[in-house]
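Per-entry structural report
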Amino acid sequence: MYRISEELAELGRKRIEGFPVEGFVYGSGPSKPVFMMVGEAPGETEVHSNIPFTGRAGKELMASLQSIGLTREDVYITSAVRSRPYRWEEKKERDGTVTERKYNRPPTKKEIIAHAPILDAEIRDIKPPLIVTLGNVGLQRLTGPKSKVTELHGTLLETPVRQWNEEAGKYIETEENYYVFPTFHPASVFYNPPVREWLQEDWKRLGQLLDRK
Ligand code: URA
């Protein structure tokens, strides 16, 4: 099992202080995974279980892994941000009462920068033979804002990845190339059901790529 150092986790907690986020979920998986998966940020379930992708999206993701003969134990699972970004919103109950509730939201650019040193270290240490990005947040974090999952999903990119450079105050591309395979975030099927077919095709392609290796 690979785990980031406590110093780095502490730095991550410090850097995200003051943003509307909660919890801190470590990445999880072996130090020599079949591939690394990069999601967006934990949700409500994950900040309670402390394990990435254990909620509704996690169920979808585990089914996709299973479709190519893999389980959670075979892969390293992480995300752009390690804390749950939330926003307060009113929720109308059936009896008419209104309560305030925390809802998930995508992480902001600043929150992604706050936790960039964590993902950078995971990639540097694990040197994954393949990085599977789940959705636009993970994809753009690594390959820049011009990359779009709708255009690139299901293709194998050989590309540098972006690492945050604190002194320069910007992302800098790595000298070495990585294999990056973009696909959709597993939660996308909940709000856009037709994506399911593309997602299944992508995972089939991924399974074929791994067989060829
Ligand atoms: N989405 C993510 O990106 N990560 C999780 O752990 C859960 C949902």
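See the structure printed just above.
From a predicted model like this one, the values you see are computed outputs, not experimental measurements.

This part is about the overall build of the chain. Broken down by element type, the chain carries 9 helices and 10 strands. A globule of 213 residues ought to have a C-alpha radius of gyration of about 17 Å, and the chain, at 17 Å, matches this closely. Taking the principal axes of the C-alpha coordinates as reference, the chain spans close to 55 × 45 × 35 Å. Evaluated residue by residue, the chain yields a buried proportion of 50% over its 213 residues. For the chain, restricting intrachain contacts to residue pairs at least 6 apart in sequence, the fraction spanning at least 24 positions comes to 66%. When the accessible surface of the chain is totalled, it reaches about 11500 Å², and 51% of it is carbon and sulfur. Of the side chains in the chain, 31 bear a positive and 31 a negative charge, and the two mean positions are spaced by 2 Å.

All right, on to the side chain of Thr-183 then. With respect to the helices and strands, the residue Thr-183 is situated in strand β10 (residues 178-183). The buried category is assigned to Thr-183, whose relative accessible area is 1%. For Thr-183, the side chain forms a polar contact with the side chain of Asp-202, separated by 2.7 Å. In this structure Thr-183 touches Val-132, Thr-133, Leu-134, Gly-135, Val-149, His-153, Leu-199, Asp-202 and Trp-203, once residues within four positions along its chain are discounted.

Let us now look at the layout of surface pockets. Roughly 770 Å³ of internal volume is contained in the largest pocket. Along its surface, the largest pocket is lined by 34 residues, and Glu-40, Ala-57, His-185, Ala-187 and Tyr-191 are the ones closest to its centre. Each residue belonging to the lining of the largest pocket can be placed in one class, and the counts come to 14 nonpolar, 14 polar and 6 charged. Of the volumes computed, that of the second largest pocket is approximately 280 Å³. Forming the boundary of the second largest pocket are Pro-107, Lys-109, Ile-112, Ile-113, Asn-136, Val-137, Gln-140, Arg-141, Gly-144, Pro-145, Arg-162 and Tyr-171. Sorting the residues of the lining of the second largest pocket by element identifies α4 (109-114) and α6 (136-143) as the ones contributing at least two each. Examining the composition of the lining of the second largest pocket, we find that 4 residues originate from one element, α6, more than from any other. Tallied by class, the residues present in the lining of the second largest pocket amount to 6 nonpolar, 3 polar and 3 charged.

Cut-offs and rules
- Just so you know, the residues in each chain are numbered from 1, in the order the chain's sequence is written.
- With pLDDT at 70 or above as the cut-off, local features in this predicted model cover only qualifying residues; side-chain atom pairs require 80 or more to be listed or tallied, and sums for whole chains, interfaces and linings still use all residues.
- As a convention, hydrogens and water are excluded, and side-chain values are obtained from all of the structure's heavy atoms.
- Counting from the N terminus, the helices are DSSP H or I runs at least four residues long and the strands are E runs at least two residues long.
- Put simply, the radius of gyration uses C-alpha atoms, and a globule should come to 2.2 Å times the residue count raised to 0.38.
- Any residue under 20% of the maximum accessible area for its type is buried, any over 50% is exposed, and the rest in between are partly exposed; the area is computed with a 1.4 Å probe on protein chains only.
- Contacts are assigned to residue pairs that have any heavy atoms within 4.5 Å of one another.
- Only the protein chains shown count as cover for residues, and the accessible areas themselves come from Shrake-Rupley with a 1.4 Å probe.
- In summary, the charge assignment counts Lys and Arg as positive and Asp and Glu as negative, without counting His or the chain termini.
- Where a charge lies is defined by one atom per residue type, namely NZ (Lys), CZ (Arg), CG (Asp) and CD (Glu).
- In protein, a polar contact requires one atom able to donate a hydrogen and another able to accept it; more generally it is a pair of N or O atoms within 3.5 Å, and residues adjacent in sequence count only if both atoms are side-chain atoms.
- For cavity detection a 1 Å grid was placed over the protein atoms alone, and a set of points counts as a cavity when a 1.4 Å probe fits there but cannot get out; an open set counts as a pocket when protein lies on both sides within 12 Å along at least five of seven lines, with lining residues being those that have an atom within 4 Å of a point.
- Grid points are joined across faces, edges and corners, and a volume is the space filled by probe spheres set on the points.
- Amino acid classes used here: Ala, Val, Leu, Ile, Met, Phe, Trp, Tyr, Cys and Pro are nonpolar; Asp, Glu, Lys and Arg are charged; the rest, including Gly, are polar.

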